[in-house]
Amino acid sequence: VCFIPGGLDCSISFVSHVLGKACVHGRQKEILGVLVPRLTDLTKSDCIWQRICWRLVECVPDRWMEAVVLGFVQRGSGADALSRLLGNLVVKSKKAEFVMTQKMLLLQYGHTTAVLQNLLGYLSLDSLRRTLLLRVLKELLETWSSSSAVKHSPAEQQLYISKAILICLYHLKEPEIESCRQELLTSMMEGVKCHLDSNLPQLRRLGMVVAESISLKINTEEPVLKFEYEEDDETRELKSLLVHTPSCCVVPSLPDDKSEKAGAALPLVPESNEKSHREASVMPNEDSDAELDSDDELIPYDMSEDKVPKIKAPVYIRDCIEVLTESRSEDVDRWEATVKALESLVRKNPEATREVSVELAKILLHLEQKTCIEGFVELRQRAQVAVLTTDPIPVAKYLTSQFYSLNYSLCQRMDILDVLVLAAQELSCPKFHGKTKHSGAQKPCIQLLPGSDSSKGWRIIVDERIKSKTRRFDTGQSRVEQTSCPNEFNSVAGYFFFPLIQHFDRPLTTFDLLGEDHLVLGRLVHTLAILMYLAVNTMAVTAMGKALLEFVWALRFHTDSYVRQGILSCISSLLLSVPTERILADMTEELLETQSWLGDVMEKDPDGDCRRLALQNLLLMENLKKKLEAVPS
């Protein structure tokens, strides 16, 4: 450190210019990595060095201010240290105010949580700066509660803004909360609605956590908001920001001293008196309870051998229909047994199921839970899948027609989509027959039964002896003998697929896919992508691909990121399932337009998953092009 003798005045504007120019030209890390820790130490106890540091940053020209301020905030060791280094720079410099209250909080979202705590803690440590803290909180809440911002900004930015809001709430004092209580309440109600409308679970959970935190701050006497969600590391980190104690204010805990002081504060009671006091407080009044204990001498019955009578489930499909449709609910045990046994009964009796398949599918679609039966939703879904795989064409016609019908809840429509996907997956997968060949590590011992013909099993015995004496380094998984069988989804794929894309643009009174019911639209698009992928090598795959491409093209600019992710998944399924020669022969122009659109998505879409899927699709298209060039003409 250089000292100026004689008490002469000096100007450090030249040093400020050098510092600003070095930072803006990419040397921020090297210079401030050394300068900030040194100045932090010098300003701890010397007010002269504090004034020198304030003048150093105040004299930086506006065109270089951003780089200098950002470096100080990132490398500051805490809000107190940053306050000593910068002083009231954010109040004196318009450029510094814009960088610290607008750019770093609303336009950028790559800074760490520690940087946010430094910045907002710095704003809270002076009365002149606290007005900026309140203004920042209102602007953050305005962005958080904007439906347009929720739809068009990435999830990472939403998380960043949520963290900033919670840190601001932590620094607010009671009079400040009282002055803006109504504004906080209004922003909370609008913001939680926007986030709960989102199809992304992360955004919904963010809205719940921030709304709970705001409600906890503004409601001192009234009940606070409480949502049900699954906590993860992200949620726990957000909640910790509301009660976080800055490192400069942390008081080390002293458990031994604390316990000693607590013990010293208690009055000393003799052990015998303490024991008698506990007995006196615990022992009931024998005289008053004597009359109440008149039945204590009765001997209880031994019920250890009692067994709950087992309810016999129906053995015929029509009996199951009768039990499930009867309006009386007296025989609840029989109803539960029927629900549990229905799937296996359907699979064991395919002929009887086909006679009443549509009626049974209708009953299961409208079936409601009468009792608290464990896994009811899964049991009903498995029964629906069993009915659909047993008699695919009529049941698929019924379910796809009901998807666009009136008087169905959104949950029932999504149940239809789930059942179609699970049944298509079961029909398209090959069936495995035969015994499992276990690895040699198990060393099974085969013994000939008395009276059996040993000549029939000699090869098995020899093979097992060889296997037991052979040293194997890796036997692998248990293998299953596969027998070839036809793809059962081949003949029914069209019945699952085409009815779902026929009426998507026709709004109903209670159902509007292109409007407010975009959650179901997202599920529908993802369902179509899965059905397209499972239809590989089927006869209808080319027609399905052309229809899906037209469907996708109509929705490619949808505002919801979950729907856009499904659309890009549809493109991937199409490229993987439709034969290359059919794609190039029937969809050349469409694919060229799609390729241009995918390039825009990869560069401009705010959602990270959409950008990744667009890049994946472009790579698939490039592979198709290389495959075509490799084929000799």
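Computed from a predicted structure; not experimentally measured.

Cut-offs applied
Residues numbered from 1 in each chain as written. Predicted model: local features only at pLDDT ≥ 70, side-chain atom pairs only at ≥ 80, totals over all residues. Heavy atoms only, no water. Helix = DSSP H or I, 4+ residues; strand = E, 2+ residues; numbered from the N terminus. Buried < 20%, exposed > 50% of the residue type's maximum accessible area, 1.4 Å probe, protein only. Contact = heavy atoms within 4.5 Å. Areas by Shrake-Rupley, 256 points an atom, 1.4 Å probe, with all protein chains shown as cover. pLDDT = per-residue confidence, 0-100. Expected span 1.5 Å × (residues − 1). Axes fitted to C-alpha atoms, helices over the stretch in contact; angles between N-to-C directions. Parallel < 35°, antiparallel > 145°, perpendicular 65-115°, else oblique. Nonpolar A, V, L, I, M, F, W, Y, C, P; charged D, E, K, R; others polar. Salt bridge = Lys/Arg side-chain N within 4 Å of Asp/Glu carboxyl O. Phe/Tyr/Trp six-rings, centres within 6.5 Å; stacked < 30°, edge-to-face > 60°.

## Describing the overall build of the chain
Reasoning step 1: From N to C terminus, the chain includes 32 helices and two strands.
Reasoning step 2: Counting only residues that meet the buried cut, the chain has 41% of its 633 residues in that class.
Reasoning step 3: The contacts in the chain between residues at least 6 apart in sequence include a share of 75% that link residues at least 24 apart.
Reasoning step 4: In the structure as shown, the chain presents an accessible area of about 37700 Å², 54% of it carried by carbon and sulfur atoms.

## Observations regarding the confidence of the model for the chain
In low-pLDDT regions, the fine details of the predicted coordinates are not to be read closely.
Reasoning step 1: Averaged over the chain, the pLDDT score is 80; the fraction of residues at 70 or greater is 78%.
Reasoning step 2: Note on residues 245-290: pLDDT is under 50 here. Beyond four places in sequence and across chains, it has seven contacts.

## Some points on helix H22 (residues 376-390)
Reasoning step 1: Taking 1.5 Å of rise per residue, 15 residues should cover 21 Å, and H22 covers 21 Å from first to last C-alpha, within 8% of that figure.
Reasoning step 2: For H22, the buried fraction is high: eleven of the 15 residues fall into the buried class.
Reasoning step 3: Listed as buried for H22 are Phe376, Leu379, Arg380, Ala383, Gln384, Val385, Ala386, Val387, Leu388, Thr389 and Thr390.
Reasoning step 4: Residues of H22 that are buried make contact with helix H19 (332-348), helix H20 (350-355), helix H21 (357-366), helix H23 (392-403), helix H24 (410-428) and helix H26 (493-497).

## Considering the packing of helix H27 (residues 518-534) against helix H29 (residues 561-577)
Reasoning step 1: Relative orientation of the contacting elements H27 and H29 amounts to 10°, with a least axis distance of 8 Å. The angle between the axes of H27 and H29 places the two elements in the roughly parallel class. Along its contact with H27, which presents His518, Leu519, Leu521, Gly522, Arg523, Val525, His526, Leu528, Ala529, Met532 and Tyr533, the element H29 presents Tyr562, Val563, Gln565, Gly566, Ile567, Ser569, Cys570, Ser573, Leu574, Leu576 and Ser577.
Reasoning step 2: In terms of residue class, the contact of H27 with H29 is built from 13 nonpolar, eight polar and one charged.

## Brief notes about the environment of Arg181
Reasoning step 1: With respect to the secondary-structure elements, Arg181 resides in helix H12 (residues 181-196).
Reasoning step 2: For the pair Arg181 and Ile218, spaced 37 residues apart in the sequence, the C-alpha separation amounts to 6.2 Å.
Reasoning step 3: Beyond its immediate sequence surroundings of up to four residues, Arg181 is in contact with Glu174, Ile218 and Asn219.

## Comments concerning the pattern of salt bridges
Reasoning step 1: Evaluation of the coordinates by the stated rule reveals 28 salt bridges.
Reasoning step 2: A salt bridge links Arg27 to Glu30, with the nearest nitrogen and oxygen atoms 3.5 Å apart. In this pair, Arg27 and Glu30 are both assigned in helix H1 (residues 13-42), three residues apart and thus about one turn of the helix distant.
Reasoning step 3: Residue classification places Glu30 among the partly exposed positions, given a relative accessible area of 45%.
Reasoning step 4: One salt-bridge network, held together by shared partners, links Glu343, Arg347, Glu378, Arg382 and Glu426.

## Topic: the packing of aromatic side chains
Reasoning step 1: What the rule picks out here adds up to eight aromatic pairs.
Reasoning step 2: Centre to centre, the rings of Phe403 and Phe511 are 5.9 Å apart; their planes meet at 90°, and the pair counts as edge-to-face. Here Phe403, found in helix H23, pairs with Phe511, found in the loop between H26 and H27; they are 108 residues apart in sequence, far enough to count as distant.
Reasoning step 3: Using a relative accessible area of 0% as the deciding quantity, one classes Phe403 as buried.
Reasoning step 4: Taking the relative accessible area as the measure of exposure, Phe511 reaches 3% and is therefore buried.
Reasoning step 5: Aromatic pair Tyr404 and Phe511: ring centres 6.5 Å apart, planes at 50°, arrangement tilted. A residue pair is termed long-range when its members are at least 10 positions apart, and Tyr404 in the loop between H23 and H24 and Phe511 in the loop between H26 and H27 qualify at 107 residues.

## Brief notes about the packing of H1 against helix H4 (residues 79-86)
Between two packed helices, what matters for the description is the angle formed by their axes and the separation of those axes.
Reasoning step 1: It is at 10 Å that the axes of H1 and H4 come closest, and there the two elements cross at 90°. Relative to H4, the element H1 is oriented roughly perpendicular. Across from Val36, Leu39 and Thr40 in H1, the residues of H4 making contact are Ala81, Arg84 and Leu85.
Reasoning step 2: Residue composition of the contact of H1 with H4, grouped by class: four nonpolar, one polar and one charged.

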